[in-house]
Amino acid sequence: MPAMISDSIDQMETNALLASASCTSDAEGYAPSPLEIKAKPVELGKPKDTAKALPPSVKFIGGWHLTSPSADLGGLSGVALQASGDLLAVSDQGLFFEIGLTDGVPNGRGTSMAMLDAQGRLISEKADGDAEGLALSDGLAFVSFERNHRILAFNLERCGVAARGILFAALPERILKSKISANGGAESLNVDAQGRLQAGYETSVGDVAPVLTFNHKGIVELEPDQIPVAPNFKLVGADGDLYLTRYYDREQGNMNEIVLPELTVRLASPLAVDNFEGLAQDVKPDGTRIIYIISDDNFSARQRTLLYKFEVSP
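Residues numbered from 1 in each chain as written. Predicted model: local features only at pLDDT ≥ 70, side-chain atom pairs only at ≥ 80, totals over all residues. Heavy atoms only, no water.

K.L.:
Honestly, the overall build of the protein in this entry has me stumped. Any pointers?
P.N.:
Helices and strands together make up the secondary structure of the protein, namely four helices and 24 strands. Expressed along its principal axes, the backbone C-alpha trace of the protein runs to roughly 60 × 45 × 40 Å. Counting over 314 residues, the protein shows a buried share of 55%. Sequence separation of at least 24 residues holds for 53% of the intrachain contacts in the protein that already meet a minimum separation of 6. The average position of the 27 basic charges and that of the 42 acidic charges among the side chains of the protein differ by 6 Å. (Helix = DSSP H or I, 4+ residues; strand = E, 2+ residues; numbered from the N terminus. Buried < 20%, exposed > 50% of the residue type's maximum accessible area, 1.4 Å probe, protein only. Contact = heavy atoms within 4.5 Å. Lys, Arg positive; Asp, Glu negative; His and termini not counted. Charge placed at Lys NZ, Arg CZ, Asp CG, Glu CD.)

K.L.:
What exactly am I supposed to notice about the pairing of strand S19 (residues 242-249) here?
P.N.:
Within a regular strand, the side chains alternate between the two sheet faces. Extensive coverage of S19 is indicated by the burial of seven of its eight residues. Two elements, strand S18 (residues 234-239) and S19, share five bridges in a ladder whose sense is antiparallel. Bridged to lysine 234 within S19 is arginine 246. The hairpin formed by S18 and S19 contains two residues between the paired strands, and glycine 240 there has a positive phi angle of roughly 65°. Where S19 lies against strand S20 (residues 253-259), seven bridges are found, and the strand directions are antiparallel. Each bridged residue has a counterpart across the sheet, and for tyrosine 247 the counterpart in S20 is methionine 255. Joining the antiparallel neighbours S19 and S20 is a turn of three residues. (Pairing = 2+ DSSP bridges.)

K.L.:
Just to check I follow, could you spell out the side chain of threonine 111 for this structure?
P.N.:
Looking at the secondary structure, you find threonine 111 in strand S7 (residues 105-114). When neighbours within four sequence positions are excluded, threonine 111 is seen to be in contact with Pro32, Ser33, Pro34, Leu35, Phe96, Phe97 and Glu98.

K.L.:
Even after reading the chapter, I still don't get the pattern of salt bridges, so can you show me in this structure?
P.N.:
Where charged atoms from two side chains of opposite charge approach closely, those side chains can pair. Inspection of the entire model under this criterion finds 11 salt bridges. Residue arginine 289 is joined to aspartate 241 by a salt bridge in which the shortest nitrogen-to-oxygen separation is 2.8 Å. You can see arginine 289 sitting in strand S23 (residues 289-295) and its partner aspartate 241 sitting in the loop between S18 and S19, a full 48 residues away along the chain. Arginine 289 sits in the buried class, given a relative accessible area of 10%. Residues arginine 266 and glutamate 257 are paired through a salt bridge, measuring 2.6 Å at the closest nitrogen-oxygen approach. Owing to a relative accessible area of 11%, glutamate 257 belongs among the buried residues under this scheme. Residues joined in a network through salt bridges with shared partners are Asp92, Lys126, Asp130 and Arg147. (Salt bridge = Lys/Arg side-chain N within 4 Å of Asp/Glu carboxyl O.)

K.L.:
Would you take a moment to explain the state of the cysteines for this structure?
P.N.:
Here is the idea: a disulfide is a covalent bond, and it sits between the sulfur atoms of two cysteines. All told, the structure shown has one disulfide when counted by the stated rule. Between the sulfur atoms of cysteine 23 and its disulfide mate cysteine 159 the distance is 2.0 Å. Between cysteine 23 and cysteine 159, the S-S dihedral sits near 75°, and the bridge is therefore right-handed. Here cysteine 23 is found in the loop between helix H1 (11-22) and strand S1 (33-36), whereas its partner cysteine 159 is found in helix H4 (residues 156-159), with 136 residues between them in sequence. (Disulfide = S-S within 2.5 Å.)

K.L.:
Honestly, the environment of serine 91 in this entry has me stumped. Any pointers?
P.N.:
Turning to its location among the elements, serine 91 is positioned in strand S5 (residues 87-91). Sequence separation between serine 91 and proline 69 is 22 residues, and the spatial gap between their C-alpha atoms is 17 Å. Apart from residues no more than four positions distant in its own chain, serine 91 is found in contact with Gly74, Gly75, Leu76, Phe97, Gly129 and Ala131.

K.L.:
Mind showing me how you'd approach the nonpolar core here?
P.N.:
The tendency in soluble globular proteins is for nonpolar side chains to be buried as a group. Counting residues in each nonpolar core, the largest one holds 23 residues, and the members touching the most others are Ile258, Leu267, Ile291, Ile293, Tyr308 and Phe310. When contributions to this core are tallied by element, the ones reaching two or more residues are strand S3 (58-67), S19, strand S21 (264-267), strand S22 (276-283), S23 and strand S24 (306-312). In terms of residue count, S24 provides more of this core than any other element does, four residues in total. When sequence neighbours within four positions are dropped, the list of residues in contact with phenylalanine 310 reads Leu44, Leu54, Val58, Lys59, Phe60, Ile61, Ile258, Leu267, Arg289, Ile290, Ile291 and Ile293. (Core = buried A, V, L, I, M, F, W, Y, C linked by side-chain atoms within 4.5 Å.)

Structure, rendered in structure tokens:
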């Protein structure tokens, strides 16, 4: 945590300091690189299979297979819905991607930009650039990383490509008396109702996933929350009171669960399911939820970058 942050300030003041450190006075706030994103419509499954899998209050709005002439698009893990209505995503290759939406549908427009460290250097090594979780707060993009477990803050709103990643918190590597592996860290990142950042770990202990809550100084003061997960499932995404979990089985393939307070939606074969890791939601005034999930293709020809959209009635 930057030494300038004292005990007497709150989260909004902390975010202001992080924003200033990320976007210095001499930084050039130039635009990110434009990116063509092709979106081929994808069905969740046959109508009878979809009807059987989804509860009556859940509707599949649309699905798209995202591709690009750029080989960089892929490995997407965390995703968040911006005030503009577009999606922001992070790649485990140390990149930000913006996915343009019109009325919630991909419109072919996008951008990409590389992540920078606190000194303004490219975060290019896999050990430092394995970005997984993403949360937006006060104009900042907070990103959690595996391997080198930490949370960085980027002032993308003001500095764009020139935004530097400023350390907000180091992520513990031992939680609930369990050692966290290099690839088992904070897959999910979320802002709670009090504006505090929460990091959810992919490593499950028994049938629970640990979630850490940070104060404005980047310190964990409370015992980890223990989020129940189905046997063998891992926590990979969160937004508000929603959680996304994932499990892979050689025989059954990929499986996901979207966990809401009042119900759980399981996505599994024969539905078209891939390695979904990112979750974002938009809650309408009447309580209707619009939910997006996005998959990490691992840059494998056997997988796809899929974006799915659901509507959940209150």
